[in-house]
Amino acid sequence: MLVLGIETSCDETGVAVYDSFRGLLAHALHSQVALHDAYGGVVPELASRDHIRRLLPLVREVLRKAGAREADLDAVAYTQGPGLAGALLVGAAVANSFAFGLGIRAIGVHHLEGHLLSPLLEKKAPSFPFVALLVSGGHTQLMRVAGVGDYEMLGETLDDAAGEAFDKIAKLLGLGYPGGPALAELAQEGRSDRFAFPRPMLEQLEKNGDLNFSFSGLKTAVVTLTRTRALDEQTRADVAAAFQEAVADVLVAKSLAAMRTTGLDRLVVAGGVGANVRLRSVLDAAASRGKFSVFYPALEFCTDNGAMIALAGYLRLKADEAARALPLGFTVRPRWDLASVAPPETPG
Ligand code: KG4
Ligand code: ZN
């Protein structure tokens, strides 16, 4: 089965072609970072307009790189939500138009399901069931994943997402948007033990096994500290390192607790913050001590991309051969809870 994947939920236009026999054939990404940089965050209307400009040329480029023609495609997978409504509509409209024109299926994919299944693109892929730590700009969730569409929420953030916290602290330190990668780079120049920031929700974990997250207290602690000091170059780096260490400690402690609770020994880390090198090294050290395995997508597939959408779409279509209907209309779901996603209907 040859599947075209389209991702337009936020500020990245991602396209990929996935072959069920040969794996990922080609992918391409256009990042809008430069477009939104001047505004310090994503401007939804500008995002939608840019997706319109970029999407079709990217589809052509990816098909050419994959050595495939439109007529070779068996299905088109696109991000149906959650995300920015206008941005989602661009991907949904193009995907459904292709499908309608070619007489093939279109399948709407949950963006987080794409992230969650993205480690399956790797050679060293986890088998079900596993615990997934989803850490993106909009979400921080721990899930028990029993199979495609079988997701049980174990814990989530009560306020900011991990990536959002990275972005806000980066802004405070005068770094650009999105701040995560820049903050991680600055942290390499700093000492993580000069400032002691709180590890939010770890007490609750010890008391009652609470697997939820909260990053607003940590954010406030960093804001308060930076107000009372001159932010010379070394201090900025030390703040970045101490903040990153606090986030990594919390994410790792809760992930380990989730594995104990579920009795599973495989952990999948996905989403933009999963690209954080310090988080990966703390997790890898814990994994070798605790005798469990950690699976990550390749760095380029941690952040938003078309490959994870093509793969998730393929996995759903494979299980749902019955859904042969051509698209006659579509809808997007800007707000969409991953735990409410149903498993694919197996052919009856
Ligand atoms: O998964 P993603 O591309 O988009 C969403 O679905 O939200 O995640 C983007 C988030 C941003 O907040 C970005 O700052 C963060 O991931 N991020 C990082 C790193 N790379 C991206 N945070 C920390 N360290 C990184 N290396
Ligand atoms: Zn994402």
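Treat the numbers as computed from the prediction; the structure is a model and nothing was measured. (Residues numbered from 1 in each chain as written. Chains lettered and ligands numbered in written order. Predicted model: local features only at pLDDT ≥ 70, side-chain atom pairs only at ≥ 80, totals over all residues. Heavy atoms only, no water.)

Attention shifts here to the overall build of the chain. Helix and strand content of the chain: 11 helices and 10 strands. The globule rule puts the C-alpha radius of gyration for 348 residues at 20 Å, and the 20 Å found for the chain is close to it. With respect to the three principal axes, the spread of C-alpha positions in the chain is 60 × 45 × 30 Å. Counting every position in the chain, which comprises 348 residues, the buried fraction comes to 53%. Long-range contacts, defined as pairs at least 24 residues apart, comprise 74% of the intrachain contacts of the chain with a sequence gap of at least 6. Charged side chains in the chain number 34 positive and 39 negative. The centres of these two groups are separated by 1 Å. (Helix = DSSP H or I, 4+ residues; strand = E, 2+ residues; numbered from the N terminus. Rg over C-alpha atoms; globule rule 2.2 N^0.38 Å. Buried < 20%, exposed > 50% of the residue type's maximum accessible area, 1.4 Å probe, protein only. Contact = heavy atoms within 4.5 Å. Lys, Arg positive; Asp, Glu negative; His and termini not counted. Charge placed at Lys NZ, Arg CZ, Asp CG, Glu CD.)

Within the protein, His 111 (NE2), His 115 (NE2) and Asp 304 (OD) serve as the donor atoms for the zinc ion (ligand 2), at 2.0 to 2.1 Å. If you look at the zinc ion (ligand 2), its 4 donor atoms make angles of 95 to 135 degrees with each other, and the shape they trace is irregular. In primary sequence terms, the donor set of the zinc ion (ligand 2) follows H-x3-H-x188-D. You can see His 111 and its partner His 115 sitting in helix α4 (residues 111–117), 4 residues apart, about one turn around the helix. In this structure His 115 comes out as buried when scored by relative accessible area, which is 1%. (Donors = N, O, S within 2.8 Å, 3.2 Å for Na, K, Ca; no water. Tetrahedral: all angles 85-135°; square planar, octahedral: opposite > 155°, others 65-115°.)

For the rest of this paragraph, the subject is unusual backbone geometry. The step from Gly 81 to Pro 82 runs through a cis peptide bond, and the omega angle for that step is -15 degrees. Here Pro 82 lies in the loop between β4 (75–81) and α3 (85–102). Look at the link from Tyr 177 to Pro 178: it is a cis peptide, with omega at -10 degrees. Here Pro 178 lies in the loop between α5 (162–172) and α6 (179–187).

The next thing to look at is the site of ligand 1. Taken together, 18 residues form the shell around ligand 1, and within it Gly 137, Asp 167, Gly 180, Gly 272 and Asn 276 come nearest. Between ligand 1 and His 115, the relevant distance is 3.1 Å, taken from an oxygen atom to a side-chain nitrogen or oxygen of the residue. Contact with the protein chains removes 87% of the 550 Å² of surface that ligand 1 exposes when unbound. In terms of residues, the shell around ligand 1 owes the most to one element, α5, which gives 3 residues. Counting contributing residues per domain, the shell around ligand 1 is built from domain 1 (2–116 + 302–340) and domain 2 (128–296), each supplying no fewer than three. (Near = heavy atom within 4 Å. Polar contact = N/O pair within 3.5 Å; in protein donor to acceptor, adjacent residues only side chain to side chain. Areas by Shrake-Rupley, 256 points an atom, 1.4 Å probe, with all protein chains shown as cover. Domains from an automatic or database assignment.)

Further remarks concern the packing of helix α2 (residues 44–66) against α3. In the contact formed by α2 and α3, the axes pass within 8 Å of each other and the chain directions differ by 30 degrees. The angle between α2 and α3 places the two elements in the roughly parallel class. By crossing handedness, the relation of α2 to α3 is classed as right-handed. Residues Ser 48, His 51, Ile 52, Leu 55, Leu 56 and Val 59 of α2 form the contact with α3, whose participating residues are Gly 86, Ala 87, Val 90, Gly 91, Val 94 and Phe 98. (Axes fitted to C-alpha atoms, helices over the stretch in contact; angles between N-to-C directions. Parallel < 35°, antiparallel > 145°, perpendicular 65-115°, else oblique. Left-handed = near helix turned anticlockwise from the far one by under 90°.)

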